[in-house]
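An overview of the molecular structure
Each chain, letter by letter, is given below.
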Amino acid sequence: MWIDESTQKELGWLELKQHLATHARTPQGRKKCLELTPTTDHRWVEIMQNRCRRLSGLFDQGASSPLEQFDEIENDLIRAQKGGVLQSEGVRRVGHVMQVTSRVRRFLLNQADVEGDELVDLARGSMDLSELGAELLDAFEADGRLRDSASPELARLRKKVRALTEGIRSRLERLMHRPGSALFLREPYITQRGDRYVLPIRADAPEPFPGIVHDTSQSGATLFIEPAEMVDEGNRLKIFQAAVLDEEMRILSGYSEEIARQTDSLRNNLETAAQFDLIAAAVELGRKYAGRWLELGSKEIELRDARHPLMALALKQVVPNDIRMSSQHSCLVITGPNAGGKTVTLKCVGLMALMTQAGLPVPVAEGSRIGCFTEIWALIGDAQDIDRGLSTFSAHISGLAGILQHARAGSLVLLDELAADTEPRHGAALACAVCQELVEMGATTLVSTHYEELKRLPFRNERIVNVSVGFDSKTMEPTYQLHPDVPGRSLTFDIARRLRIPESVLREAGSYLDHSERDLDRMLENLDMQKQAVAELRDELAGKIDDYNRRNDRLERQLEVINTEKNQLIQSQSHKVLAEISDVRQEIAGWIEKLKHHTTMKTAVEASHAVKDLAKRAESLGASPSSEEDRRAAESVESDGIQVGDKVFLKYLGKEGRVVSVDVKAGVATVRLGANMRTRVAVEQLKRIRSRRSDRDQNQKNRQSTPPKIRVNPPGSASSLVVRSIDNTIDLRGLRVDEAIDWLEKFLDKAFGRSEHTVFIVHGHGTGALRSRLRDYLRTSPYPHHFRTGTPEEGGDGVTVVKLK
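Residues numbered from 1 in each chain as written. Predicted model: local features only at pLDDT ≥ 70, side-chain atom pairs only at ≥ 80, totals over all residues. Heavy atoms only, no water.

1. Digging into unusual backbone geometry
Notably, Asp305 is not glycine yet its phi reads approximately 50 degrees, a positive angle. Despite not being glycine, Glu417 shows a phi value in the positive range, around 50 degrees. Tracing the backbone through its elements, the reader meets Glu417 in the loop between β11 (411-416) and α15 (424-441). (Helix = DSSP H or I, 4+ residues; strand = E, 2+ residues; numbered from the N terminus.)

2. A closer look at the packing of helix α4 (residues 42-60) against helix α11 (residues 263-288)
Taken N-terminus to C-terminus, the directions of α4 and α11 make an angle of 70 degrees; their axes are 9 Å apart at the nearest point. One element, α4, and the other, α11, form an angle in the roughly perpendicular class. Handedness of the crossing formed by α4 with α11: right-handed. Within the contact between the two elements, α4 uses Met48, Arg51, Cys52, Leu55, Ser56, Phe59 and Asp60 and α11 uses Phe276, Leu278, Ile279, Ala280, Ala282, Val283, Glu284 and Arg287. (Axes fitted to C-alpha atoms, helices over the stretch in contact; angles between N-to-C directions. Parallel < 35°, antiparallel > 145°, perpendicular 65-115°, else oblique. Left-handed = near helix turned anticlockwise from the far one by under 90°. Contact = heavy atoms within 4.5 Å.)

3. Considering the sheet that holds strand β20 (residues 729-731)
The strands that make up a sheet pair up through hydrogen bonds in the backbone, lying either parallel or antiparallel. The mixed open sheet is built from four strands, whose spatial order is β20-β21-β23-β22. At either margin of the open sheet sits one strand with a lone partner, and together these are β20 and β22 (784-789). Across this sheet, the average inter-strand angle for adjacent strands is 20 degrees, counted without regard to direction. In the sheet, strand β21 (residues 758-762) pairs with strand β23 (residues 799-804) via five bridges, with the strands oriented antiparallel. Bridge pairing links Val759 to Val802 in β23. (Pairing = 2+ DSSP bridges.)

4. Observations regarding the pairing of strand β4 (residues 222-227)
Taking burial as the measure, the six residues of β4 include five buried ones, the bulk of the element. Note: strand β2 (residues 196-202) against β4, four bridges, orientation antiparallel. Within β4, the position partnered with Leu199 by the bridge is Ile225. Bridge count for strand β3 (residues 211-216) against β4 is five bridges, and the pairing is antiparallel. Each bridged residue has a counterpart across the sheet, and for Val213 the counterpart in β4 is Ile225. Count of turn residues in the β3/β4 antiparallel hairpin: five residues, of which Gly220 carries a positive phi of about 80 degrees. (Buried < 20%, exposed > 50% of the residue type's maximum accessible area, 1.4 Å probe, protein only.)

5. So, the nonpolar core
If you look at the biggest cluster of nonpolar residues, it comprises 132 residues, and the most contacted ones within it are Leu303 and Leu744. In terms of residue count, the dominant contributor to this core is α11 (11 residues). Apart from residues no more than four positions distant in its own chain, Leu303 is found in contact with Leu294, Asn321, Asp322, Ile323, Val349, Met352, Val364, Ser368, Arg369 and Ile370. Grouped together as the second largest cluster of nonpolar side chains are 25 residues, Ile403, Ala420, Leu438 and Val439 included. (Core = buried A, V, L, I, M, F, W, Y, C linked by side-chain atoms within 4.5 Å.)

6. Points about the packing of aromatic side chains
Using the criterion set out here, one finds four aromatic pairs in the structure. Note that Arg193 overlies the ring of Phe224, its terminal NZ or CZ placed 4.1 Å from the centroid. (Phe/Tyr/Trp six-rings, centres within 6.5 Å; stacked < 30°, edge-to-face > 60°. Lys NZ or Arg CZ within 6 Å of the ring centre and 35° of its normal.)

7. Regarding helix α8 (residues 130-138)
The set of residues buried in α8 consists of Ser130, Leu132, Gly133 and Leu136. Taken around the axis of α8, the buried residues stretch over an arc of 160 degrees, which confines them to a single face. Relative to its buried face, α8 has exposed residues pointing more than 90 degrees away, namely Glu131 and Asp138. (Arc of directions from axis to C-beta.)

8. What to know about the pattern of salt bridges
Between side chains of opposite charge, pairing is possible as soon as their charged atoms come close. This structure, assessed with the given rule, holds 44 salt bridges. Here Glu302 makes a salt bridge to Arg304, at a shortest N to O gap of 2.8 Å. Exposure remark for Arg304: the relative accessible area of 30% places this residue in the partly exposed category. The network of salt bridges with common partners includes Glu300, Glu302, Arg304, Asp322, Arg324 and Arg369. (Salt bridge = Lys/Arg side-chain N within 4 Å of Asp/Glu carboxyl O.)

Dropping the structure here:
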């Protein structure tokens, strides 16, 4: 995408990137923000937007950014590559960056576990340098001094230095307290000069003090002398101090060499962290104004509730606007009063186009879209070219000529007050001609103007459309709202009247207008009044709709409560009916037992009457099918051929159940009702249900209850046709389980960093314990996409083949 520097500045693109950079946490991330460039590459924009949406979702779920601020280390890396030795500050800077960038890498691998997720792809090529980074940082104290544990030799030398220092100070203490020392000492304290321990000796001492003078006071009254008897000890201390410095230099040199070996990997890590920083900054910027990522490539502009991004960042309240241009239109003429928002509308569309093609979110409502432009041209505000002696109008025309020379189909052209600052009739004619030319080129054009002739142009060319910014004639203030398909009226006289221009002057000015201009102004004034009336009715209707929605929601809640109470009542009644039926069955069973043991005519008659009464009682307890559909389905199926597992309808209960067992000889089936209740029923009392709804529900239930399966490719599939090599194979035979898992994790990490697609794990057959534990680990590891058992040619069950993400 091409956009000149002037257009970038006019649209606020450079200022927007400065805002974006304030949300970056690293020097490389801030650089990425400031160098961000819009593009016509749809795939790049799609990847950028997907990464931002995915990261925003992770943040919404409670994840926090793994990034933290760190210093620039490029100079340190260059120095290390050239064989230089980094000082402790440089080594610590590099170690810190290693840990932070490795943490970013782990975040991307652990959080983004979706196949093909662009966040996972962002981590490819980076390496885990956290162990080396921790080693470098652990070698130093908080003040930057190397720890004694940095090497055994350093610990030994420093111990010797401390012992010598303590010995020297102890001997000097004794020397200060010898009898007669007051004749020599200026004051009883020990100090250092040039890394040598000395005593402050009086220059006017009665006799010379034996030793080496290392310094004098400014007055010359005090000599700082190392006693002669301490010179040898001081020399030994200097030797060991020099040895400490040499050992520290050797350690730093080793660290610098290791950093030099990891420079390429560290730069890759920095690039990954910088890309992540850019994405995180874009997400944070979007949250500042509740931004959305727009669909790119639409043939029309539809920005719903659009707010200028820079205004949305600076102000809490910004009037949102709908900016629309259908695919049938290629030129939008924006008219209205001064300070009404015409220029802001132009800049808003241009800046949102740039942001969208750079993958950034914009402050609009859902459903917004915008096209993909090959270039953007903007001619906004007053311009002068003093160096070339051009006036405002000449500079404007010069810029316009450049646009007409280079604009083409796919260009977005934004023209503010087109052809103004010249003789109005000629300027209007030129403006109309320019718009017609840009339409013929196929460029998407937005123009702001006060020219009446340009307002009439949409009535002559159907590809040009009007839009006006609102103005409240009562308060004489702009509303900043856009009104499509309506030209804005001229408010020159109205504003002049408000600013107390005499009425006689305004009447005289009106006399200079021809009839057509006066008629057009009156027409637009009437149209404006009607538009305000429609807006008031629309607001009133919106209020009534809101009231209706609130009442509807309340009624729906009440209906939900009623349905819940009804279901509870039905369930309660069902339990009651079942309980009474159970009592009936028990009474019948009692009469059967009684007849078995006392078969007399009197008993038979009593039993007959009792059974008739119980039958009437059971019939009065019966219920209709749960739904008309189930009833028809139950009646349409015969009871013949009922089998275990069939769903059946119990006619005397009005309930559905599932057949558990069937006694064919007795003609009785056992039916399960609900979760725990069972009943024995005569087969002729059952109807098999075969309704589509029931079968569909059962099938869906079966699908939902099917446990997920681990995805394992069969041997011989395309993914198994990979040649084994030293780089993609690890042999873990003979290792303990914990050691094997540790080696396997490091091996997978390196293979992922090299973008290996398939790796081979050799664990052997043995007892199968190692193989089982390794595969358990692979099921939870973030690296595999899937894995399988090796083919006979690959080693069979003694080898596991893993396809990486």
